[in-house]
Amino acid sequence: MRILHLLASPFFSGPAENVALLALAQRAAGHDVSVAVDRLRKEVLAEEPAAPRFQELGLLDEGGLELSVKSPPWTMWRDLRRLKARPVDVVHSHFSHDHLLARWGRPAGATLVRSLHAPRSLRASLPVADAYTVPASSLLPRLLEQGKTAQVLPALVDARFQPAEDRGALRRELGLSGAPVVGMVSTFQPSRRHSVGVDAFALYRQRQPEARLVLVGDGALLEPTREQVARLGLSDAVTFAGYQQGDAFARWLRALDEVWLLGLGNDWSARAAAQARACDVRVVAVKEGALPDLADAQVQAPTPEAVVEAALSAKRAPVKHPTNEQIAADVLALYARARRGP
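Since this is a predicted model, take the numbers as computed values, not measurements.

Draft legend 1. Local environment of the side chain of His92. The residue His92 is located in strand E3 (residues 90-93) in this model. On the basis of relative accessibility, which here comes to 0%, the residue His92 falls in the buried class. A polar side-chain atom of His92 sits 2.7 Å from a polar atom in the side chain of Tyr335.

So this is what it looks like as structure tokens:
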């Protein structure tokens, strides 16, 4: 099967990693798979660019699509004509720009699948497609009630996310002391609720005085968070690890006892929770997106007191996350159902 993923983003963040891992698993299953990304915006500040990463993986599409929301109308028209001429069996689109292009530029005979990565995409103007995926089971009924062919596309996890062979040695290498070691791993933006997490950690330290908090990431609210930590007298107990990616990010995640996921951004598949579980790190999370399906302990309300209650509960959920191979097989089966029609 010839599969073309459309991902109109210049960043290897948000859903991009999930798309890459899905494409790799589909290729490993014997299919011809490529991913078209935004080729216009080459200067990407503060985030990893997508095109070089997909090229390194051997997945970057070279079919001449610019695929950018910043393209002028005549370039979008050229993309539409080029897509329409592509000899592919499945077009799998991921962002709004992709959905619009694929709606009108679908190659003859190709199946069109649309992935929704956040709830805001579930609206009355939902573009027509043969099948859909959503990132969380809570979003699925809205499509099924409309008679759509749809299923959940869970977070895929890179093989680098495995339990630490010696967590104590790893912590010493990273300069971490104290226990338990709690982490938050996300961009510093309002939806991730770092301020709630820091306030919760202040309460948590009253019960666990040797605890350490590790904050991995960067973003607009980094400095306000530093100020909050200092104001609460927690500077000696909080480590700001900065932005980490690839193997370095996996090392920091493996060093944790548990991770607090207090909100999601543009990708509701809760990939960080799946990665943490793969590293045998306990997950304490709010009820957003796919987090309830992956959490060991659920935070009943986004308050410091509720976070501490969930963290101290010591609950461990017997969650068995599907492998990348299983997820790819399920998506390929969705393609087949969509091709057969209702």
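Draft legend 2. Layout of the sheet that holds strand E8 (residues 212-216). Read across the sheet, six strands follow the order E9-E8-E7-E10-E11-E12 without closing on themselves; strand pairing throughout is parallel. Bordering the open sheet on either side are strand E9 (238-242) and strand E12 (297-299), each of which pairs with just one other strand. Each adjacent strand pair in this sheet contributes to an overall mean axis angle of 25 degrees, direction not counted. In terms of strand pairing, strand E11 (residues 282-286) meets E12 through three bridges, oriented parallel. Each bridged residue has a counterpart across the sheet, and for Val284 the counterpart in E12 is Ala297. Packed on one face of the sheet, helix H7 (residues 194-207) meets strand E7 (181-185), E8, E9 and strand E10 (258-261) and runs near 135 degrees to E10.

Draft legend 3. Quick look at the nonpolar core. Judged by nonpolar contacts, the single largest core of 63 residues is most densely connected at Phe201, Trp260 and Leu261. Those residues in contact with Leu261, other than ones at most four positions away along the chain, are Val185, Ala272, Ala273, Val283, Val284, Ala285, Val286 and Leu291. Of all hydrophobic cores here, the second largest spans 30 residues; its members include Ala16, Ala25, Ala51 and Leu59.

Draft legend 4. Main features of empty space enclosed by the protein. The full count for this structure, using the stated rule, is one cavity of 30 Å³ or more. If you add up the space inside the largest cavity, you get close to 30 Å³. What lines the largest cavity is Met184, Ser186, Arg192, Trp260, Leu261, Leu262 and Gly263. Split into classes, the residues belonging to the lining of the largest cavity amount to four nonpolar, two polar and one charged.

Draft legend 5. Broad picture of the environment of Ala310. You can see Ala310 is positioned in helix H12 (residues 304-312). Residue classification places Ala310 among the buried positions, given a relative accessible area of 5%. With 247 residues separating them in the primary sequence, Ala310 and Gly63 have C-alpha atoms 49 Å apart. Filtering out sequence-adjacent residues up to four positions away, Ala310 remains in contact with Arg282, Val284, Ala297, Gln298 and Val299.

Draft legend 6. Spotlight on the pairing of strand E1 (residues 2-7). Counting buried positions over the six residues of E1 gives five, a clear majority of the element. For the crossover that starts at E1, traverses helix H1 (residues 16-28) and ends in the parallel strand E2 (residues 32-37), the hand is right-handed. Judged from the four bridges that link them, E1 and E3 form a sheet pairing that is parallel. Across the sheet, the residue bridging to His5 is His92, located in E3.

What counts as what
Residues numbered from 1 in each chain as written. Predicted model: local features only at pLDDT ≥ 70, side-chain atom pairs only at ≥ 80, totals over all residues. Heavy atoms only, no water. Helix = DSSP H or I, 4+ residues; strand = E, 2+ residues; numbered from the N terminus. Buried < 20%, exposed > 50% of the residue type's maximum accessible area, 1.4 Å probe, protein only. Polar contact = N/O pair within 3.5 Å; in protein donor to acceptor, adjacent residues only side chain to side chain. Pairing = 2+ DSSP bridges. Axes fitted to C-alpha atoms, helices over the stretch in contact; angles between N-to-C directions. Contact = heavy atoms within 4.5 Å. Core = buried A, V, L, I, M, F, W, Y, C linked by side-chain atoms within 4.5 Å. 1 Å grid on protein atoms, 1.4 Å probe; cavity = no way out; pocket = protein on both sides within 12 Å on 5 of 7 lines; lining within 4 Å. Points joined across faces, edges and corners; volume = space filled by probe spheres on them. Nonpolar A, V, L, I, M, F, W, Y, C, P; charged D, E, K, R; others polar. Right-handed = clockwise from strand over helix to strand, strands pointing away.

Shape is all these values report; function is a separate question.
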